[in-house]
Amino acid sequence: MLSMNAIQDPVYRDEPAVEADQRDVQPVISANNVTVSYGDKVALSNVSLHAPANQVTSLIGPSGCGKTTFLRCLNRMNDLIDICRVEGEILVAGQDIYDPAVDVVSLRAHVGMVFQKANPFPKSIFDNVAYGLRIHEMTTSKTELQDRVEFSLKRAGLWDEVSDRLNDSGTSLSGGQQQRLCIARTIAVEPQVILMDEPCSALDPVATARIEELIDELRKKFTIIIVTHSMHQAARISQRTAFFHMGELVEHGETEQIFTTPKDTRTESYITGRIG
Amino acid sequence: MTKSFTEITPALKRRHAAEARFQWIGRVAIVIAIGFLITMVVSIAVIGAGALRQSHIALDVFLDPAEINAEEIKNADFGGVIKAALRTKFSDVTKRRDKRKLYGLVSSEAAYTLRDMVLRNPSLIGTTPKIWFIASDDIDIFFKSHNASGGGEETHRISSKEVAWINEFKKAGDIETRFNSRFFLSGDSREPELAGILSALAGSAFSLAVCFALSFPVGIMAAIYLEEFAPKNRWSDLIEVNINNLAAVPSIVFGLLGLAVLLNTFGLPRSSPLVGGIVLALMTLPTIIIASRAALRAVPPSIREAALGLGASQIQATFHHVAPLALPGMLTGAIVGMARALGETAPLLMIGMVAFIVDVPKSIVAPATALPVQIFLWADSPERAFLEKTCAAIIVLLTFLVVMNLAAVLLRRKFERRF
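Everything numeric in this text was worked out from a predicted model, so none of it was measured.

1. Some remarks on the overall build of chain B
Thinking step 1. A tally of regular secondary structure across chain B gives 16 helices and 3 strands.
Thinking step 2. Here the C-alpha atoms of chain B give a radius of gyration of 30 Å, more than 25% beyond the 22 Å that 2.2 N^0.38 yields for 419 residues.
Thinking step 3. The C-alpha extent of chain B, read off along each of the three principal axes, is 95 × 70 × 35 Å.
Thinking step 4. With 419 residues in all, chain B has 44% of them scored as buried.
Thinking step 5. By sequence separation, contacts in chain B at least 24 residues apart represent 77% of the contacts at least 6 residues apart.
Thinking step 6. Between the averaged position of the 43 positive side-chain charges in chain B and that of its 35 negative side-chain charges there is a distance of 8 Å.

Okay, structure coming up:
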């Protein structure tokens, strides 16, 4: 079993692309019969979903269907909501993350998150990326910290735009740049899984295209779960798609299969634009 | 339905009229509010400005070697020497009652002024130097109003004889008003012409320092814990309701608490800024907690989520990101609370800071009074001259309040971040 507490010195050089089908079939994330309720209101019922490594899994569905709730269960961000109760079992890399022995701090270092609205800290661009490295004490020297910040910014495709103004505030960047900064900040701590909650919903098509390219690039190294409102985006970037409706996981499978031959009529109605 | 955009229907006319009416009511309300404010400030300023000038009278004083022994200067009767000088100047005054009036031209401080002068320079003994003395309060008021209006105010406080003497001084150029530095540099006095606000200012400063040192750290820590860490349950609701209620408790109740607990149970020194500061801190604490919680709540949750999502612990997210962003708001709340504490009188009356304090307090346990209490004391005094002192003290207090509130606004401007 993989320890959540030890963050091994990660190799932070670009690895040769590994195609998904050559990888271990063992899913990185598997949720079994997960039910989430806010007080008396059940937001998700009995969801079982598996996300394989180095693939993009997109969660689609109409507003209020529970897809964001599910995403936030995966790094226990729902802990912040007092009335939220999670039942069932969620395994990340084989370990039950709702086990009382699990430390959410190290869980979240392994399962990073990018939010709907870009939320850089009102600090310098450098400090934004360095923050995670600093709190997890992942670097030993100043030069190593600088190298890793640079590497993360490069991997997020932002380095060329900000290399000469690392001391400017992160909030001075444009919306798309801010979101890429948030991605750089997340990947700097080398998580296994990146959760993305509609990362492009506030961006224009050009910035969206850049992020989508980036997501495709990142999946070589990370496992990505993305919530999206855009079915086109799901079709473009994900290998697997899960359709949620009214707190239920209606259907999930290969993206191509979901979009061409959905098994459930609700999925079909949604992707053809009749509901949602 | 209107046929064209230029057609004014009765309904449209009514709507426009209602809007215009409302705007006018608003403007009138603002004019009334500003009018009251200006009336108050101007009337206080006009009266209080008088306290900045103090009349001085010059006398040719013969420092009689027979009266002043060079060896024992301290024991000499300088009051007698000044009286003699006045008798020499107005030799026609013979009646006992008139003489007493004559001696009252100069302040009782005159003898000490003269003594200090001779102590510094004993070679003056035997000469007749011209020395400026502080005029007594009634003379001072008469002369200042006389100078201003030309006619001079004839009141029952001052007789025609005294007016004649003043005119004689005036003719010789031996009476004039000078900047009243004494008002800012000395403590309280029974004599209005000698009274100053320094002891009250120092008392207020010490009290506020104690108040800030106690209430700021306790207040923001309580706010951070309640807002960021405390579980939300019946207990935290109860605490929240009680803090809000405490903020509305009349301040004199805190004074009673200070009297009963701090003075009587713990035996802390009465009239001291230490006790005053603790009582004010108790009073300010709810204000700071409420303002700080509001400031913390105003930090966008996305910042908190960003930090937690990166694997920051609750305390790291709070102290690295949330608290620094909320700090300007917390400071503003604290300064506003301090400003309220500065103007507070009632609780200080209960713990004995209403005493007559001449000496400027040197520590937080020395007996002291505070600015608003000093204003209260002076306003209560029968001497007419205390009126202008009262107004001047109010101006000083208002100046400090404005400066503190301005500091709060500037701090907020400077550190406020946009998201």
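The structure having been displayed, the exposition proceeds.
2. A short note on the packing of aromatic side chains
Centre distance and the angle of the planes are the two values used to describe a pair of aromatic rings.
Thinking step 1. Overall, the coordinates contain 11 aromatic pairs over all chains when judged by the stated rule.
Thinking step 2. With 5.3 Å between their ring centres and 70° between their planes, F121 of chain A and Y131 of chain A make a pair best called edge-to-face. Of this pair, F121 of chain A sits in the loop between β6 (111-114) and α3 (125-135) while Y131 of chain A sits in helix α3, and the two are 10 residues apart along the sequence. Grouping residues by exposure puts F121 of chain A and Y131 of chain A together as buried.
Thinking step 3. Pairing F90 of chain B with W165 of chain B gives two aromatic rings, centres 5.9 Å apart and planes at 45°, and the pair type is tilted. Pair noted here: F90 of chain B is in the loop between α2 (78-89) and α3 (96-103) and W165 of chain B is in helix α6 (residues 160-172), with a separation of 75 residues, a long-range link. The residues F90 of chain B and W165 of chain B share a single accessibility class, namely buried.
Thinking step 4. Linked through ring pairs, F179, F183, F184, W378 and F386 of chain B together constitute an aromatic cluster.
Thinking step 5. Looking at R76 of chain A, its charged tip hangs above the ring of Y98 of chain A, at a distance of 5.1 Å from the centre.
Thinking step 6. In this arrangement the basic side chain of R190 of chain B is found over the ring face of F356 of chain B, its NZ or CZ atom lying 3.9 Å from the centre.

3. A word on the pairing of strand β10 (residues 248-254) of chain A
All names here are of chain A.
Thinking step 1. One ladder, built from 6 bridges, connects strand β9 (residues 240-245) with β10; its direction is antiparallel. Paired with R240 across the strands is E254, a residue of β10.
Thinking step 2. Linking β9 to β10, which pair antiparallel, is a turn of 2 residues; within it M246 sits at a positive phi near 50°.

4. Considerations on the nonpolar core
Thinking step 1. Counting residues in each nonpolar core, the largest one holds 98 residues, and the members touching the most others are L59, F70, L153, I224, I225 and F244 of chain A.
Thinking step 2. When near neighbours in sequence (up to four residues on either side) are disregarded, F244 of chain A contacts L44, V47, L59, I60, G61, P62, C65, K67, F70, L249 and V250 of chain A.
Thinking step 3. Core analysis: the second largest hydrophobic core is formed by 40 residues, I197, V275, F386 and A393 of chain B among them.

What counts and how
- The numbering scheme is per chain: residues are counted from 1 as the chain's sequence reads.
- The lettering of chains begins at A and the numbering of ligands begins at 1, in the order of writing.
- Whole-chain, interface and lining totals are the exception, using all residues; otherwise, since this is a predicted model, local features are given only for residues with pLDDT of at least 70 and side-chain atom pairs are given and counted only at 80 or more.
- Heavy atoms throughout the structure, all of them, feed into the side-chain values; hydrogens and water do not.
- In this text, helices come from DSSP runs of H or I with a minimum length of four residues, and strands from runs of E with a minimum of two, each type numbered from the N-terminal end.
- Atoms counted for the radius of gyration: C-alpha only. Globule rule: 2.2 Å times the number of residues to the power 0.38.
- Buried, partly exposed and exposed residues are distinguished by accessible area as a fraction of the type maximum, computed with a 1.4 Å probe on protein chains only: under 20%, between the cut-offs, and over 50%, respectively.
- In this description, contact between two residues means that some pair of their heavy atoms is separated by no more than 4.5 Å.
- Under the convention used here, Asp and Glu are negative, Lys and Arg are positive, and both His and the chain ends fall outside the count.
- By convention, the charge on Lys lies at NZ, on Arg at CZ, on Asp at CG and on Glu at CD.
- Ring pairs are drawn from Phe, Tyr and Trp, using the six-membered ring of Trp, whenever the two centres fall within 6.5 Å, and their geometry is named by plane angle: stacked under 30 degrees, edge-to-face over 60, tilted for the rest.
- Should the NZ of a Lys or the CZ of an Arg lie within 6 Å of a ring centre and within 35 degrees of the ring normal, that charge is described as sitting over the ring.
- Strands are labelled as partners when DSSP assigns at least two bridges between them.
- In this text, buried Ala, Val, Leu, Ile, Met, Phe, Trp, Tyr and Cys residues form a nonpolar core when linked through side-chain atoms within 4.5 Å.

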